[in-house]
Amino acid sequence: MRQPLIDRRSLLTTAGVLAGASTFGVSPIAAAADGGIETTEGETEPRYDLDEAESQYVEIEMTFENRDGEEVTETPSLYGEIIHPVDSAGQRITDVPVILTYSPYNDLYQALNGGESPAKDGIAEFFVPRGYARAQFDLIGTRNSGGYYDYGGIRERLSGKKLVDALGQKEWSNGRIGMIGGSYDGTTQLAAAIEAPEHLEAIVPQVAIDRWYDYRFHGACPWDTYGTPTLFDFGFGLIPPAAVDYPDELLDSLTTRVEPSNRLEHEIRSYEYDPTYDEFWIERDYRRRAENVDCAVMMEAGWEDRNVKRWGTTRFYEALSDDHDKRLVVGDWDHSAGQYPDIEALYHAWFDHWLVDDVETDVMNLPPVDVQSASSPRTQFDEWPPAARDELAFGFVDHDAEQGELELLGTGVSSFEDGSPPIGEDEMFDERSSGEDHLMFESRPLEDELRIAGHVSADLLVASEDDTWFTAVVYERGADGNARIFARGFWNSRFRSGIDDERETPTDRTYRVPIECWDIDWTVAEGSRLGLVVASDNDDWVRHDSSNEGTNQVVLEESSLRFDGIAEGLEAATFPTAALSRDTDASAYTAGQTARATVTADSTTEPTLVRDRVPDGWAVVGGDAHSVREIEGATYVEFDEPLESGESRRYYAEVAEDTGTYEYGPLEYSAAGELWAAASDTTESAVVVGLDTS
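Residues numbered from 1 in each chain as written. Predicted model: local features only at pLDDT ≥ 70, side-chain atom pairs only at ≥ 80, totals over all residues. Heavy atoms only, no water.

Scanning all chains against the criterion turns up six cavities of 30 Å³ or more. Those elements that provide at least two residues to the lining of the second largest cavity are α6 (212-216) and α11 (311-319). For the lining of the second largest cavity, the class distribution of residues is four nonpolar, one polar and five charged. (1 Å grid on protein atoms, 1.4 Å probe; cavity = no way out; pocket = protein on both sides within 12 Å on 5 of 7 lines; lining within 4 Å. Points joined across faces, edges and corners; volume = space filled by probe spheres on them. Helix = DSSP H or I, 4+ residues; strand = E, 2+ residues; numbered from the N terminus. Nonpolar A, V, L, I, M, F, W, Y, C, P; charged D, E, K, R; others polar.)

Our focus in this paragraph is unusual backbone geometry. Residue tryptophan 384 is joined to proline 385 through a cis peptide bond whose omega torsion reads -10°. Tracing the chain through its elements places proline 385 in the loop between β16 (379-381) and β17 (390-397). Omega for the peptide link from glycine 665 to proline 666 comes to 10°, which places this bond in the cis form. Examined against the element boundaries, proline 666 turns out to sit in the loop between β37 (660-664) and β38 (668-670).

On the surface, Asp224, Asp426, Glu427, Asp430, Glu431, Asp539 and Asp540 cluster together into a negatively charged patch. Along the chain, glutamate 427 falls in helix α13 (residues 425-428). When its relative accessible area of 43% is taken as the criterion, glutamate 427 is described as partly exposed. (Patch = residues over 30% accessible without salt bridge, like charges linked within 9 Å, V, L, I, M, F, W, Y side chains within 5 Å. Areas by Shrake-Rupley, 256 points an atom, 1.4 Å probe, with all protein chains shown as cover. Salt bridge = Lys/Arg side-chain N within 4 Å of Asp/Glu carboxyl O. Lys, Arg positive; Asp, Glu negative; His and termini not counted. Charge placed at Lys NZ, Arg CZ, Asp CG, Glu CD. Buried < 20%, exposed > 50% of the residue type's maximum accessible area, 1.4 Å probe, protein only.)

To continue, consider the pairing of strand β9 (residues 173-182). With nine of 10 residues buried, β9 is to be regarded as a mostly interior element. In this sheet, β9 lies alongside strand β7 (residues 96-103) in parallel orientation, the contact comprising four bridges. Paired with isoleucine 99 across the bridge in β9 is glycine 178. Here β9 runs beside strand β10 (residues 200-206); their pairing, made up of six bridges, is parallel. Residue pairing in the sheet places glycine 178 in a bridge with alanine 202 of β10. What joins β9 to β10 is helix α5 (residues 184-193), and the crossover it makes is right-handed. (Pairing = 2+ DSSP bridges. Right-handed = clockwise from strand over helix to strand, strands pointing away.)

With that settled, consider the sheet that holds β38. One open sheet holds the five strands; their spatial order is β34-β35-β32-β38-β39, and the pairing between them is antiparallel. Each of the sheet's edge strands pairs with one partner strand only, and the pair in question is β34 (626-631) and β39 (677-678). Relative to strand β35 (residues 634-639), β34 runs antiparallel, the two being bridged by six bridges. Residue pairing for β35: valine 628 is matched across the bridge by valine 637.

Turning our eyes to something else, we now look at α11. Among the nine residues in α11, seven count as buried, and that is most of the element. Where α11 is concerned, the buried positions are Trp311, Gly312, Thr313, Thr314, Arg315, Phe316 and Tyr317.

On inspection of all chains with the given rule, the structure shows 32 aromatic pairs. Summarising the aromatic geometry, the rings of tyrosine 273 and tryptophan 469 are spaced 6.0 Å apart at their centres and angled 25° between planes, so their arrangement reads as stacked. Placement of tyrosine 273 in the loop between α9 (260-270) and α10 (279-282) and of tryptophan 469 in strand β22 (residues 469-477) is noted, with a sequence separation of 196 residues between them. Overall, tyrosine 273 belongs to the partly exposed group, its relative accessible area being 32%. Seen from their ring centres, phenylalanine 396 and phenylalanine 441 are 4.5 Å apart, and the 15° between their planes marks the pair as stacked. Taken as a pair, phenylalanine 396 in strand β17 and phenylalanine 441 in strand β20 (residues 438-442) lie far apart in primary sequence, 45 residues in all. Pair check on accessibility: phenylalanine 396 and phenylalanine 441 agree, each one buried. What links up through ring pairs into an aromatic cluster is the set Tyr105, Tyr109, Tyr149, Tyr151, Tyr184, Trp212 and Tyr215. (Phe/Tyr/Trp six-rings, centres within 6.5 Å; stacked < 30°, edge-to-face > 60°.)

Here we come to the layout of surface pockets. Quantified by volume, the second largest pocket comes out at close to 430 Å³. When residues of the lining of the second largest pocket are traced back to their parent elements, those giving at least two are β3 (62-65), β4 (71-74), α4 (154-168), α9 and α10.

Turning next to the pairing of strand β25 (residues 529-535). With six of seven residues buried, β25 is to be regarded as a mostly interior element. As paired elements, β20 and β25 share five bridges and run antiparallel to each other. Directly across from glutamate 442, in β25, lies its bridge partner glycine 531. Where β22 lies against β25, seven bridges are found, and the strand directions are antiparallel. Among the inter-strand pairings, tyrosine 475 is bridged to a residue of β25, identified as glycine 531.

If you want it as structure tokens, here you go:
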């Protein structure tokens, strides 16, 4: 007999391996935290039994505008199973809160659960006896739910909102809905929350995607993973429905699954080599809509998560306003729920506080940030990044220069090749030196420990012979000589101005590469060295583009490694936190015309020195107090006095004579005028029409 085109068992087996979801439920409450860590627990006590899982469909109506500007209305039916609390006589308890998971994984959960309902998990076993209902629903377009699988798009956002509000209006509900789950089950919480459902009170997104672009790319470099979206488009999205007693709805779920154009778009957009952040990805960017979230949020991530990178959690947390009801938990684990010994007691306190009538716990009195890594002890902060940190900077010096305490010494060269085969991290650390395909920099042994807590970036001034990618690998070199990597970042030279702005890589001049690395909490021990490797490829993490080739040069004196750090006794160079903008008097000029540019410090934490890179071939001819510097053939106008928030400076430049497109920026800022950093989104084009246009 021929095997069916879609084999349910093999798909589930593959899905279980690739999903990486180790967040299926909670285990029994563990011992409370120690070591001075503040903790709490819930108030509700077990007093009910679990009813049998009740299956049902919830029909929703969604109206939205597609990317062609057309209004679309869809009415899919979403399938789910609910476990209610019952008293000793078997009577269902009403007026109860709901803990919901909206998931594409329910086939897998049921298989792992011995055929039992996916709703009958550790969460149900703990919370239902305490007076909660447990709901597990199939994501739109998966398993038994109708509609199109949408790869994080508008249908997932709106269907999550509609489902939450439908459950909140059930006659047995108290109107308060909470959500919990990890991986995709955490992602659907953020998708629903940005649509502000009326009945959503509190969520616990664990190892969740907050920006789908970041799940497939980093700095416009594609991750070296192929599991998604293929896994979801052709795995979960096409697995035949499970057998349930709803023949009409099952038929509907089958017929509405087949939407080839959507699936094709998911595949094409997710495997590009030069991926532009455009409307497709904006639709799937929850972080940019964080201000819409109206519920309490407890974000969880693991520093060691290779699947969903941890800055999907830390950056969404930062995007929520300072006065939002929020918590951040990040620890020394991988793609899983929180592993602190008191984590389930915190879940209990969290949901009791937000979902149960007339119950208050101390959970919102705890320090909101709770972090720990392989090298840093568990610590609670009032904010993230911690208020106690400074933005520190280590400059680069060549191997034959005298090294200062706050400098990273190169080991032989300042250029590297973009070659094939691509280099991996083992090759980077084969020897303690630079090679033809990478550069290595290390500090002196630190006299005191340095805790890096927050953002990390390598800000490089470079020159390239071709399109290329940049890899930054940040590490600690212990006194034993071994290196421990703790942060990585990647950047595509065609997107040096931002992931939404693809430009040709300049091969006749230097340009800035601001490599953002993942956020981190890491303590570099006393006596260890802080290190950085710069290369083009990193074969362990990103897919290699074999068409790129050539030499890349790093201008050492204009480059630095920057991070948020808490140091004892280390007087490191500090940076302000600054947002800059430029206003020009035109976008097109004639040869010889004088252009005017006004530079503004939109916000800065302290008075900040500012400079602008003038378009190549233009000459600065006046303006507010300034000086002009030539660096590697580029012209910079530097303002003599620092700017405070809201202050502006103006300069004038005579445009070049040749017809062409020229480039301002990026704007750069500095605390003391020695090390400079690029301000994001400050590169812009200007067109010049020359005198001779024949």
